[in-house]
Amino acid sequence: MLALTLEDFMVELNEGSIKNVGPSNKSATVKLFDVESAEAREFGDKRVKLVFEDDDGNEIQVSLFPEDVRKIVRDVEALEDDSPVFE
C-alpha cells in the first residue's frame, strides 16, 4: 500500500501540460507498506540506491551517501540486539 501526502500543492493543467502554481514551498511524504522486495545497488560513483516495491507494483527509490547507509545498518543491528521485532 502506498500512502502519499502532498502539502501546499497546486498545479495548473492546461492542454495536457502541468505547470507549478503558487510558491515553491511544497512538500510530500511517501509511505510504502507491505514491501515485497527490497534491494540496494550502486547509484553513480558516490551513492547507494535503495529500492522498495510492494505487490501492487508501487515503488520507492532512495539515493543515499555511504555514511547514511552505514548509519542505517548500525540502527538495524541495534534493533537486532535490543528489539523483540527480530525474535
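What this report covers is the structure whose coordinates are included nearby. What you see is a predicted model, and the numbers here were worked out from it, not measured in a lab. (Residues numbered from 1 in each chain as written. Predicted model: local features only at pLDDT ≥ 70, side-chain atom pairs only at ≥ 80, totals over all residues. Heavy atoms only, no water.)

## Examining a negative patch on the surface
A cluster of like negative charges, contributed by Asp34, Glu36, Asp55 and Asp56, occupies part of the molecular surface. Topologically, Asp34 is positioned in the loop between strand E4 (27–32) and strand E5 (35–43). (Patch = residues over 30% accessible without salt bridge, like charges linked within 9 Å, V, L, I, M, F, W, Y side chains within 5 Å. Areas by Shrake-Rupley, 256 points an atom, 1.4 Å probe, with all protein chains shown as cover. Salt bridge = Lys/Arg side-chain N within 4 Å of Asp/Glu carboxyl O. Lys, Arg positive; Asp, Glu negative; His and termini not counted. Charge placed at Lys NZ, Arg CZ, Asp CG, Glu CD. Helix = DSSP H or I, 4+ residues; strand = E, 2+ residues; numbered from the N terminus.)

## Quick notes on a nonpolar patch on the surface
On the surface, a cluster of nonpolar side chains totalling about 770 Å² of accessible area is made up of Leu2, Leu4, Leu6, Phe9, Val11, Leu13, Ile18 and Val30. Listing elements by their share of the nonpolar patch, those giving two or more residues are strand E1 (2–7) and strand E2 (11–14). Position of Leu6 among the secondary structure elements: in strand E1.

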